[in-house]
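Here are the chains, one letter per residue:
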Amino acid sequence: MATILLLLLGLLVGLPLHRAHGVTGSAAPTPPPLPVLPVPSYAQLQWQLSEMALFLHFGPNTFTDSEWGSGRADPAVFAPSALDAGQWARAAAAGGFGRVVLTAKHHDGFCLWPSALTNYSVAASPWKGGAGDVVGELAAAARAEGIGLGLYLSPWDRHEPVYGDTVAYNEHYLGQMTELLTRYGDVEEVWLDGAKGEGKDMDYMFDAWFALIHQLQQRVVIFSDAGPDTRWVGDEAGVAGYTCWSPFNKSTVTIGHIIPEYSRCGDPFGQDWVPAECDVSIRPGWFWHASEKPKNATTLLDIYYKSVGRNCLLILNVPPNSSGLISTEDMQVLQEFTEIRQTIFSQNFAANATVTASTVRGGLGNQQFAPSNVLQESIYSYWAPEEGQSSWEMLFDLGQSASFNVIQLQEPIQMGQRVIKFRVEILVDELWQTIVEGTTIGYKRLFQFPVVEGQFLKLSIDSARADPLISFFGVFMDSFSVTYSLENHEKPSVVNSSEVIMLRTDHSFGNKSIATM
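Residues numbered from 1 in each chain as written. Predicted model: local features only at pLDDT ≥ 70, side-chain atom pairs only at ≥ 80, totals over all residues. Heavy atoms only, no water.

Structurally, the position occupied by D229 is in the loop between β5 (221-224) and β6 (230-232). It is K250 that comes nearest to the buried, bridge-free D229 among opposite-charge side chains, at 5.9 Å. Reaching out from D229, the side chain makes a polar contact with the side chain of H214 at a distance of 2.8 Å. In this structure the side chain of D229 is engaged in a polar contact, spanning 2.8 Å, whose partner is the backbone nitrogen of I222. Here D229 is in contact with Q44, H214, V220, V221, I222, W273, V274 and P275, once residues within four sequence places are set aside. (Helix = DSSP H or I, 4+ residues; strand = E, 2+ residues; numbered from the N terminus. Buried < 20%, exposed > 50% of the residue type's maximum accessible area, 1.4 Å probe, protein only. Lys, Arg positive; Asp, Glu negative; His and termini not counted. Salt bridge = Lys/Arg side-chain N within 4 Å of Asp/Glu carboxyl O. Polar contact = N/O pair within 3.5 Å; in protein donor to acceptor, adjacent residues only side chain to side chain. Contact = heavy atoms within 4.5 Å.)

This part covers the pattern of salt bridges. All told, the structure shown has 19 salt bridges when counted by the stated rule. One salt bridge in this structure joins D157 and K105, with 3.0 Å as the shortest N-O distance. In this pair, D157 sits in the loop between β3 (148-153) and α6 (166-183) while K105 sits in strand β2 (residues 99-105), placing the two residues 52 residues apart along the sequence. For the pair D157 and K105, a shared accessibility class is recorded, and that class is buried. Between E329 and K293 there is a salt bridge; the shortest N-O distance is 3.6 Å. Here the residue E329 occupies a position in helix α10 (residues 328-345), and K293 occupies one in the loop between β9 (276-281) and α9 (297-306), the gap between them amounting to 36 residues. Judged by its relative accessible area of 32%, E329 is partly exposed. One network of salt bridges, in which partners are shared, links R99, D186, E188, E189 and R219.

This is the structure we're talking about:
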């Protein structure tokens, strides 16, 4: 033990260490560092903090066993026998989803609210004698559960006769958007795409749409291929890039014409803050089909690591069935997914760690930016180093040896996204072994690696856009994903379906074991 302590004291030669516990400082108050632009708006920050959204694809397609409706289905087919928007909202809230997003109108043009601008809506259906309003019921249910409401209004309308007349249809679309955004209270997300009918000479006036949406709803974020507030990650598998920046240049892409790799990874030189949203369905299709089965909970956990765990928001589609309820089997998977996450992240082995750092903004005694701030799971308290450094290190003494295979890191994104490259090492037999080499962090970064055991960890930040700021460092054990121990490092295993993570010895790193991703 004495050897380990001597080694720790010698880690940062020439640099004083600050022990996070039991230190009192009398330094004058120090202002926070300047934010690094771009930074999120209030609405974008609340969107990111919600972490996950529940997508609800529902409409005539649910009853006709279709994915893309023709717009010619009889409104009488929409006849849910037990529709309960409260069940949808309760499922979202219980599962940790901060908002629900409903397909208020899909490509078939059928409106789930009684729109005055069309006769193709719930008002023409037998449901509740034509007096029903799915949007209204979900809005009330979301408020009751304390979660946000989002709405999808498809630009493509296969029923509306004026579709194809650019001016007339844009007026029609803006009229329906106005109905949705003025009748139901706060709407926190408007979800739209660039879907367009073939053979139609149709131009969407996106700038006018965005201006109206922001005018009518002050807390809203607008999702599309290219923002303006959140961007599509570029696939429908729920997978973000291993490197994922929220900074982005909106001028580089347009709705309907993205650059997949650019959308997936973002841009460290981007002038706009446009974080990525990862959409995926719990079932093979987006609408409910009796013949399809949901993904299992461990598959959803894998998607969670690749979306929320890569600085994105996960929007998981769970389509109600033809009764108007989320199916029992889907509810079971959601419950298991929630229980798995709670089991993994309820025990943080670093919660009571002693933290030291090579430098602290305002001096080593300054508690405002102390290393111990990273033990609080909040982006509003953080460790900050002194200005003018070229590398940065934090040391963690967990208090006792622990086995773990997941590390969580967070940045205070209200100050901008900063970290470019970093690594986490563990002390094993008096040698530092690298278990994670990473790029971006952002709001939340989750890393899986082979199971390791130890008491002392080191976070080294090798490069950053500005002085790095860390708001959280957590250490966890995931016993549900496919993992393996150090002893089995000769047998690489698939931890994530698109990544093989294996432990190897790299002599160029001074006899360190490295988790290669």
